[in-house]
Amino acid sequence: MRSHLLTQADFRRLFTGQLVTLLGSSMAPVALTFAVLDASGSTSDLGIVLAARMLPLLAFLLVGGATADRLPRRTVLAATNLGSALTQGCVAGLLLTGHYALLPVAVLEFLNGTLAAFTTPALRGVVPQLVDKARLRQANALLGVVRNATKILGPSLSGVLVVVTGSGPAIAFDAFTYLLAAGCLARLPLTTGAATTRPTPLLTSIREGWTEFRRIRWVWLGTLSFCAINLVQTGTWQILGPALTRQIDGEATWGFVLSVRGIGLLVMSALMYRLVVRHLLRLGQLMSALGALPLLVLGTHLNTPWLLTGAFVAGLGFAASGIGWDTSLQEHVPARVLSRVSSYNDLLSYLTVPVGQLCVGPLARVFGPSRVTLTAGIVSAVAAVIPLAFKAVRRLPHAQSAGHVALAPRTADPCPSGSSPEPAGE
């Protein structure tokens, strides 16, 4: 009988590192929002600070992917977590000493976003270095449990901490979790990214990643699906979702909807540890269509029980989709290019998010919020299942069910949140 993954020292270190850093990171947005608003009294300042973090996260993803394929991923992860501890620590210091100013906080968050662009591809690439190929789904399921549990607990804990101690200590706690995570990750095996004797130039490495991304048909088909889903769904959910929910049953209901959705994410993450299927990617694409349910409910003006049920089922779908996608990448994309292929997937999947966010307001004014929401739900459900028309997606085998038990090469390999594309923005 195989031992539980958490009895394996290397995976346990990764799991622990993710647990502490995701807890801190899930608390930070709430604390930072109130910190900026309290110190500046300006929503414009808040928008600048949030954009300062998001823009470099997208801009440097390809560089981060190439770096994670060229250098030991342990080194990349330890260095980025140390850097995040420093930047968040400086933000906390500015707040605790009463020296808030927009420019230094925006610069520090810009650096934080840049570091995140290096962390995400390296994380997706490190799991197969630590876990047998046949157990990748279980590893991603455990990491999904951590990611989704912290999404539920973190904001609530942050709210309490902000009320009791203020925003500065909450952000200082985030910095401390990065420091703890760096200590855990620094003890992972020292494995290299690409198995080459002479590193290629960075731009050449990025181009090689694009060539490999285009070569693997099921990867770019899935990426196009996530791109379309994010375009129509994320902005609609984030912007029209609260407004339409308030019309149904008041403002408090939106919080319950988000909580129930988070519970669905958590439940399916736990179930995926045991679930065995022959075609994991096929299951993930089918389940991702369930993410449209809350939009369909809102667009058709159904009552609160239907909305809560839809949110829960959507959470189940997104968790299955994310774990299925991460596992499929790690099982089938060559280890030497996994981080680069993942970075193209993430970049193209999320580029449409701000486009959708900017368009949903004007569209709602012209066509009405309910009609826009209903249309977004229909389009996102169709976009989720279209890739199943192609054999490359529909018949991609899952290694565990195929009986593959060989260890992933421990010298050249590849894992949010947590960075798998989760189409309905959190």
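Everything below is about the structure printed above this text.
Residues numbered from 1 in each chain as written. Predicted model: local features only at pLDDT ≥ 70, side-chain atom pairs only at ≥ 80, totals over all residues. Heavy atoms only, no water.

1. What to know about the pattern of salt bridges
- On inspection of all chains with the given rule, the structure shows eight salt bridges.
- The partner of D10 in a salt bridge is R13, and the shortest N-O contact between them spans 2.9 Å. With D10 and R13 both in helix 1 (residues 9-40) and three residues apart, this pair spans about one turn of that helix.
- Between R124 and D326 there is a salt bridge whose closest N-O contact spans 2.9 Å. Here the residue R124 occupies a position in helix 5 (residues 102-130), and D326 occupies one in helix 13 (residues 304-332), the gap between them amounting to 202 residues. Comparing R124 with D326 shows no difference in burial state: the two are buried. (Salt bridge = Lys/Arg side-chain N within 4 Å of Asp/Glu carboxyl O. Helix = DSSP H or I, 4+ residues; strand = E, 2+ residues; numbered from the N terminus. Buried < 20%, exposed > 50% of the residue type's maximum accessible area, 1.4 Å probe, protein only.)

2. Focus: the environment of L231
- Along the chain, L231 turns up in helix 9 (residues 217-249).
- The spacing of L231 and V360 is 129 residues in sequence and 9.6 Å in space, taken between C-alpha atoms.
- Every residue in contact with L231, bar those within four places of it in the chain, is listed here: T352, V355 and G356. (Contact = heavy atoms within 4.5 Å.)

3. What about the packing of aromatic side chains?
- Applying the stated rule across the entire model yields seven aromatic pairs.
- Seen in terms of ring centroids, W210 and F213 are 5.6 Å apart; in terms of plane orientation they differ by 20 degrees. Their pairing is stacked. Here F213 and W210 lie together in helix 8 (residues 202-215), a separation of three residues that amounts to about one turn.
- On the accessibility criterion, F213 (3% relative accessible area) is buried.
- Note on F226 and W325: the rings are 5.2 Å apart at their centroids and 85 degrees apart in plane angle, and the pair reads as edge-to-face. With F226 in helix 9 and W325 in helix 13, this pair connects stretches of sequence that are 99 residues apart. The pair F226 / W325 is uniform in exposure class, with both members buried.
- Here the aromatic cluster, defined as three or more aromatic residues joined through ring pairs, consists of W210, F213 and Y344. (Phe/Tyr/Trp six-rings, centres within 6.5 Å; stacked < 30°, edge-to-face > 60°.)

4. Here we look at the packing of helix 9 against helix 14 (residues 338-350)
- The contact between helix 9 and helix 14 brings their axes to 7 Å, and the two run at 25 degrees. In this view, helix 9 runs roughly parallel relative to helix 14, as classed from their interaxial angle. Of the two possible hands of crossing, helix 9 and helix 14 adopt the one that is right-handed. Residue-level inspection shows V219, T223, F226, C227 and N230 of helix 9 in contact with helix 14, the latter providing V341, N345, L348, S349 and Y350.
- Looking at the contact of helix 9 with helix 14, its residues break down into six nonpolar, four polar and no charged. (Axes fitted to C-alpha atoms, helices over the stretch in contact; angles between N-to-C directions. Parallel < 35°, antiparallel > 145°, perpendicular 65-115°, else oblique. Left-handed = near helix turned anticlockwise from the far one by under 90°. Nonpolar A, V, L, I, M, F, W, Y, C, P; charged D, E, K, R; others polar.)

5. Considering the packing of helix 13 against helix 14
- For the pair helix 13 and helix 14, the least separation of the axes is 10 Å and the interaxial angle reads 145 degrees. Crossing of helix 13 against helix 14: the hand is right-handed. Contacts from W325, L329 and Q330 in helix 13 reach L338, S342 and N345 in helix 14.
- Counted by class, the contact of helix 13 with helix 14 contains three nonpolar, three polar and no charged residues.

6. Considerations on the environment of G255
- Checked against the element boundaries, G255 lands in helix 10 (residues 252-271).
- Between the C-alpha atom of G255 and that of P242, which follows or precedes it by 13 residues, the distance is 9.0 Å.

7. Re a nonpolar patch on the surface
- Residues L82, F173, F176, L179 and L180 make up a contiguous nonpolar surface patch of roughly 440 Å² in combined accessible area.
- Per element, the largest residue contribution to the nonpolar patch is four residues, and it comes from helix 7 (residues 167-185).
- When you line up the elements, L179 lands in helix 7. (Patch = residues over 30% accessible without salt bridge, like charges linked within 9 Å, V, L, I, M, F, W, Y side chains within 5 Å. Areas by Shrake-Rupley, 256 points an atom, 1.4 Å probe, with all protein chains shown as cover.)

Any functional reading would require information beyond the geometric quantities listed.
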